[in-house]
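Geometric and topological summary
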Amino acid sequence: MGDADGCLMTMKAACRCSTQCGIGKIAKSISRLMVGALGTLFSLGALAQQPQPVGPYKDFNGTINLDVRDSKADWGPFTPKKAPAGAPNILFVLYDDTGLAAWSPYGGRINMPTLDKLAQNGITYTQWHTVALCSPTRSTLLTGRNHTLNGMAAITEASNGFPGWAGRIPPQAATIAQVLQDNGYSTFWLGKNHNVPEQDVAEGGDRKTWPLGQGFERFYGFIGGETNQWYPDLVEDNHFIEPPASPEHGYHLSKDLADQAIKMIRNQQAATPSKPWFMFYNPGANHAPHQAPKEYIAKYKGKFDDGYEAYRTWVLARMIEKGVVPKDTKLTPINPMPESQANPADAVRPWNTLNADEKKLFSHMAEVWAGLSEYTDVQIGRVVDYLAKTGQLENTMVLYAADNGTSGEGTPNGSVNENKFFNGYPDDLAENMKLFDKLGGPDTYGHFPTGWAVAFSTPFQMFKRYAQYSGGTADPLVISWPKGIKARGEIRDQYHHSVDIVPTILDVVGIEMPKVYRGVEQFPLSGVSMRYTFDAAPHAPTQKKRQFYSMLGTRGMWEDGWLAAAVHAPFTGKGHFDQDQWQLYHVDEDRSESTDLAKQYPEKLEALKKAWDEEARANLALPIDDRTASEILLIERPSSEAIRDRYVYYPDTAPVPEGVAVNVRNRSYKILANVEISDADAGGVIFAHGSRFGGHALFIKDHKLYYVYNFLGIKPEQKFVSKETLKPGKYTLGMEFTRTGAGPHKESVGTMKLYINDKVVAESSMKTQAAKFTLSGDGLCVGYDSGDAVSAEYKTPGTFHGGTIQAVGITVEKASYEALEMEAQRALARD
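What counts and how
Residues numbered from 1 in each chain as written. Predicted model: local features only at pLDDT ≥ 70, side-chain atom pairs only at ≥ 80, totals over all residues. Heavy atoms only, no water. Patch = residues over 30% accessible without salt bridge, like charges linked within 9 Å, V, L, I, M, F, W, Y side chains within 5 Å. Areas by Shrake-Rupley, 256 points an atom, 1.4 Å probe, with all protein chains shown as cover. Salt bridge = Lys/Arg side-chain N within 4 Å of Asp/Glu carboxyl O. Helix = DSSP H or I, 4+ residues; strand = E, 2+ residues; numbered from the N terminus. Pairing = 2+ DSSP bridges. Axes fitted to C-alpha atoms, helices over the stretch in contact; angles between N-to-C directions. Buried < 20%, exposed > 50% of the residue type's maximum accessible area, 1.4 Å probe, protein only. Contact = heavy atoms within 4.5 Å. Core = buried A, V, L, I, M, F, W, Y, C linked by side-chain atoms within 4.5 Å.

**Some words on a nonpolar patch on the surface**
On the surface, Y57, W75 and F78 cluster together into a nonpolar patch covering about 400 Å² of accessible area. With respect to the element layout, Y57 can be found in the loop between α2 (22-44) and β1 (89-95).

Here it is, written out as structure tokens:
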């Protein structure tokens, strides 16, 4: 310590110790003089040799002195980085659940005018593959790493407590949006997300995995795996919102997304026209529910009457003619899985075994799906047209793709309500035929049968979820970039995968994935750049060497043109993976994987099986899981809120998603609501959770208390109504379900009692769903019903009026209803 420092500290100590005499004041004066002298010393000495900035300002090259007039500014460290000169805009359009044989550029029967134009002005890829399921594929497109490195071994709703299954993209896998944003891009996400853990899809959820926490500056869409196209569960940026209009006023999600995409680009370009942008555009199509405007469905009337097997033969000839597959490509069987391994829910019923009503219904379901696909493509065309009109299309790289093979979740019989699949509940033909004319509209949540999943994934075996076959993984991809790709209307059949998209974008832009991002060492990229294909010959060798596959118990390994495929079906619970039979296909010679060569080349097969094991361990893919959908979806997962027996909800809050709301599945439960009625005309929703396709609601209508449990949308609704009328006053209104057992499809059965205060006003038998009301969305509401109404007895939002709701409690505890009602009455009296 120097003399000046020691003198100064001595004076300060003296000041603190001498508060009752003049010595302290004198010491303070001397201290001030010393500080002034030291300041002069530093300005003349130490400050004359400017301090070196550290940390984030280590690159500062200006001059710092005491007086700003003697200093020199340097804006370098504080100026956001600009994108490389000439870097293109990037528009990535990603459909859901669409195999290779559906769309017109590939020979399919579904007219895609926007995609046709892009294909004519770019490249159509014939061997581009995905992960066979949506969340996992989307994670690879965001990070360039294999899905299990991203913690996405399955959809987020199927997460489990293992590294590859966690359902959270880890910090070791920075997203392309983060890297582009750091390099001068604006970043936007439209439509489906499905990369947020289910327990965080809530207003109080952890936002780190939401789009704005993953490098996107704007988001408009839905966070979960699917949503009603007419009544979507919408999020804008970081908060839930209601749709801007209703279907009665022309609303459809596909149109809304196009409107929002144009708005985002227009606003960005108004302020920063030289700044490139990246837009991840994910329509709800072609995922269930299959819902589309009537005029688009009508365009396909009769076009699928020949059936799915005839379609396969027809479309394969067209695919060969277009060069999508080689001329000697063979069709595979519609039911290729051996009976010992097959999942009955994934079987295809031969068309010639169907009766007239079934053929009529199944054909119409395909018409609805085709209408949804084309309508959405036309809306995307509005975005592409806007780019052309504003001079942006020339230097915009448009990637247009789908995330996995066509979905077979409609079971062999199709469904008017896809939620039956997730509840293990069968469809009834007579019930479905009653809704024939309403398919595609707001009254249905439809999904076509497995036969169409196979047909639209021609010529391959199986469909979505089957990662060992190209029926689950081979997907359309068209890339158009007028300024950067000379090819027009050409085919590319190099083998590639969704992990190759991020390396391609980085290559095109001229930047690299950082080895360390925000202090975290990064996983290496799993893919390779596809940019070489832009100028390659159509059949030039691929630069990709190896790709492993794993999904819900299915396994595959591609290497140098050969594919090893484990014979195993998802959602069967069969296990015994070490006993799986493996097949071997020479994909370079046998594009449809029709001829098993395992016996001819056993050494090749063993080498590929060993390669799968190496890749699975390196990519955190173990353990593998083939349990049923309901078993996987109902795994108890940690949440920021501990699971409890009693939940209390209040009015005027955002919908509470099912993943974090009270769980009444497969158990007895009670609902009690404290309500004060102040107006003789009081009415509306007190409590609602779910939708017309599955849910329950407590409400007042015509002065009477109603409780409706809508079991999977099956009519008639389970409806309980009080005979007594409700007059102004304070009430505890509620219901009690006592579970007595399970039905043939694991649904709960029991007795329901409806209460006004402590009096039973209606009583009857009731059944409740075994699993969720929906895969995602349709949250719990108090005082209104968001989105689609649970009951036909009221219309959304059914806002409560003419009184006040104090609170609504839902409990699965064992206390009697009478005891809980007395507790509620005491709370009501205190209010």
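**A word on the sheet that holds strand β17 (residues 582-586)**
The pairing of strands in a sheet happens through backbone hydrogen bonds and is either parallel or antiparallel. The strand order across the open sheet built from four strands is β14-β15-β16-β17, with neighbouring strands paired in antiparallel fashion. The sheet is open, and its two borders are formed by β14 (546-551) and β17, each paired with just one other strand. Going across the sheet, the axis of each strand differs from the next one's by a mean of 15°, ignoring polarity. Of the pairings in the sheet, the one linking β14 to strand β15 (residues 554-559) comprises six bridges and is antiparallel in character.

**Brief notes about the environment of A789**
Tracing the chain through its elements places A789 in the loop between β27 (780-782) and β28 (803-811). What makes A789 buried here is its relative accessible area of 9%. Here A789 is in contact with S691, R692, Y794 and T796, once residues within four sequence places are set aside.

**A look at the pairing of strand β19 (residues 669-677)**
Most of β19 sits inside the fold, with eight of its nine residues counted as buried. In the sheet, β19 pairs with β28 via eight bridges, with the strands oriented antiparallel. Note that in β28 the partner of L672 across the bridge is G809.

**Looking at the nonpolar core**
Among the nonpolar cores identified, the biggest contains 108 residues, and I110, M279, Y281 and W452 are the most heavily contacted of them. The biggest single contributor to this core is helix α9 (residues 356-389), with 13 residues. In contact with Y281, not counting residues within four places along its chain, are L91, F92, V93, L94, L190, S254, L257, A258, A261, I380 and V383. The next biggest cluster of nonpolar side chains, apart from the first, holds 49 residues, and it includes L142, V196, V201 and A401.

**Let's talk about helix α3 (residues 113-120)**
Buried residues of α3: T114, L115, D116, L118 and A119, and no others. Contacts made by the buried residues of α3 are with β2 (123-129), α9, β8 (396-402) and β9 (474-480).

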